[in-house]
Amino acid sequence: MSTKLPVVDNTIGAIEIGVIANAVLLGMVQIQCYNYYSRFQDDRKLLKALVAVVWVLDMAQAWTLFLPLYGLTVKGYGNPKLILDLPPSIFLTMSFGGTATALIQGFLAFRVYRLVNLLSFAILSWLLTLVRFAGCLSVTATGYNTASLPLYREQYGWLWDALLAIGIANDLLVTGGLTFSLYKSRKKGHVRTVLVIDKLIVWTLETTALTVIVNLLVIIFYHIFPKTYIWIGMYCLTPKFFTLSLLAILNGRASLRHQIDTAGQSSNTEGNSLPTRSQQTRLHIKMTRVQQSDYGPTALETNDIYPAHFKHEENIHDENFSTLFHNA
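1. Some thoughts on the overall build of the protein
Each helix and strand counted, the protein has 13 helices and two strands in total. By the burial criterion, 49% of the 328 residues in the protein qualify as buried. Nonlocal contacts in the protein, meaning residues at least 24 apart in sequence, comprise 78% of its contacts between residues at least 6 apart. Within the structure as shown, the protein displays about 16800 Å² of accessible surface, and the carbon and sulfur contribution to it stands at 64%.

Written out as structure tokens, the structure reads:
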């Protein structure tokens, strides 16, 4: 009489799909890291170090998934007990992935602080990041000391809910704060600045929406299908999406700079009639050279020639936009 094995499609199979997808995203991270270091060699050392540390953590997070998968599918082949007793090393992915995510979220909060100039906003985001990071380390510690995954869910299921909820709240806080501040500045900007801000708003939503969606799906599958590991397979992808968002922001500076130049040229040549004196002062902004900034690398310096009183009325802070988004 043959022993009936449990269904593995939505348990080990879900983890395997998540690990394979994680490996694909890891390859994309390698390409983006290569592009970053080859294109932005003049970046500040601190920014380069951030990318390097995140890259190392991403590699480590991938290995903490590869090894348990090998143990489940090769060493533990035909052993249904392993479906309930996952290798403790799989919980290490929370430590490596949580550390990378904390660094990236802290960096993004700092970018928003530089634009909004509101310290309380940054402190709140950093506090949420720190709490989530501590929770990730707690998941690793408790996972090593729990006999089985069902028992872990029963004892520490609230911890997963708290971590995911805090992560989503922090993402929405940073995204909402950055989008609101950009939209508020849009109302005060001239033609060239409005075009840039529109692009930045879309860019901000694109780079953060994916992480929010994935975390929401993890919560949904965690509660709707508690006896499956679909939520684990999806959670494996979260750190990679954060890393790709960071690299998209850094590598996209060259494209954004080109769009700013194009927008400035088109705004100066737009229309058939000669512009009025006020229009000339609003639109005549010449990009002169690339220089090292205090905050980041290669800031575009603008040689504005509009009078001081107009600059005070507009109050759009071109240097802050240049420093914050060209140089992250």
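2. A word on the environment of Val-131
Along the polypeptide, Val-131 turns up in helix H5 (residues 119-144). The class for Val-131 is partly exposed, based on a relative accessible area of 40%. Between the C-alpha atoms of Val-131 and Gly-167, which are 36 residues apart in sequence, the distance is 9.6 Å.

3. Things to note about the environment of Ser-245
Structurally, Ser-245 can be placed in helix H9 (residues 238-251). C-alpha separation for the pair Ser-245 and Glu-206, spaced 39 residues apart in sequence, amounts to 8.7 Å. Leave out the neighbours within four places in its chain, and Ser-245 touches Thr-207 and Thr-211.

4. Re the packing of aromatic side chains
If you walk through the whole model with that rule in mind, you get 11 aromatic pairs. Both rings, one in Phe-91 and one in Tyr-152, keep their centres 5.3 Å apart while their planes meet at 50 degrees; by these two values the pair is tilted. Here Phe-91 is found in the loop between helix H3 (81-84) and helix H4 (92-116), whereas its partner Tyr-152 is found in helix H6 (residues 149-186), with 61 residues between them in sequence. Owing to a relative accessible area of 9%, Phe-91 belongs among the buried residues under this scheme. Residue class for Tyr-152 comes out buried when judged on its relative accessible area of 1%. Note on Trp-160 and Trp-231: the rings are 5.0 Å apart at their centroids and 80 degrees apart in plane angle, and the pair reads as edge-to-face. Of this pair, Trp-160 sits in helix H6 while Trp-231 is found in helix H8 (residues 230-235), placing the two residues 71 residues apart along the sequence. Each member of the pair Trp-160 and Trp-231 is classed as buried. An aromatic cluster is defined as three or more aromatic residues linked by ring pairs; in this entry it consists of Trp-160, Tyr-222, Trp-231 and Tyr-235.

5. Observations regarding the nonpolar core
One finds Leu-86, Val-139, Leu-149, Trp-160 and Ile-232 to be the most contacted residues of the largest nonpolar core, which totals 60 residues. When residues of this core are traced back to their parent elements, those giving at least two are helix H1 (12-39), helix H2 (45-75), H4, H5, H6, helix H7 (191-224), H8 and H9. Among all residues touching Val-139, those that are not within four sequence positions of it are Phe-91, Met-94, Tyr-152, Leu-159, Trp-160 and Leu-163.

6. Some remarks on the packing of H1 against H9
Remark: H1 packs on H9, axes separated minimally by 10 Å, with the N-to-C direction vectors making an angle of 25 degrees. Judged by the angle between their axes, H1 and H9 are roughly parallel. In the packing of H1 onto H9, the handedness of the crossing is left-handed. Contacts from Asn-22, Leu-25, Leu-26, Met-28, Val-29, Gln-32, Cys-33, Asn-35, Tyr-36 and Arg-39 in H1 reach Lys-240, Phe-241, Thr-243, Leu-244, Leu-247, Leu-250 and Asn-251 in H9. Of the residues assigned to the contact of H1 with H9, the class counts are 10 nonpolar, five polar and two charged.

7. Here we look at the side chain of Thr-238
In this fold, Thr-238 is placed in helix H9. Setting aside residues up to four positions removed in sequence, Thr-238 forms contacts with Val-214 and Asn-215.

8. Observations regarding the pattern of salt bridges
The tally for this structure, following the rule as stated, stands at one salt bridge. For Asp-58, the salt bridge goes to Lys-240, with nearest N and O atoms at 3.9 Å. Of the two residues, Asp-58 is situated in helix H2 and Lys-240 in helix H9; the sequence distance between them amounts to 182 residues. Under the relative-accessibility criterion, Asp-58 is labelled buried at 0%.

9. Some points on a nonpolar patch on the surface
Together, Ile-213, Leu-217, Ile-220, Ile-224 and Phe-225 make up a nonpolar patch on the protein surface, roughly 430 Å² of accessible area in all. For Ile-224, the location among the structural elements is in helix H7.

Rules used throughout
Residues numbered from 1 in each chain as written. Predicted model: local features only at pLDDT ≥ 70, side-chain atom pairs only at ≥ 80, totals over all residues. Heavy atoms only, no water. Helix = DSSP H or I, 4+ residues; strand = E, 2+ residues; numbered from the N terminus. Buried < 20%, exposed > 50% of the residue type's maximum accessible area, 1.4 Å probe, protein only. Contact = heavy atoms within 4.5 Å. Areas by Shrake-Rupley, 256 points an atom, 1.4 Å probe, with all protein chains shown as cover. Phe/Tyr/Trp six-rings, centres within 6.5 Å; stacked < 30°, edge-to-face > 60°. Core = buried A, V, L, I, M, F, W, Y, C linked by side-chain atoms within 4.5 Å. Axes fitted to C-alpha atoms, helices over the stretch in contact; angles between N-to-C directions. Parallel < 35°, antiparallel > 145°, perpendicular 65-115°, else oblique. Left-handed = near helix turned anticlockwise from the far one by under 90°. Nonpolar A, V, L, I, M, F, W, Y, C, P; charged D, E, K, R; others polar. Salt bridge = Lys/Arg side-chain N within 4 Å of Asp/Glu carboxyl O. Patch = residues over 30% accessible without salt bridge, like charges linked within 9 Å, V, L, I, M, F, W, Y side chains within 5 Å.

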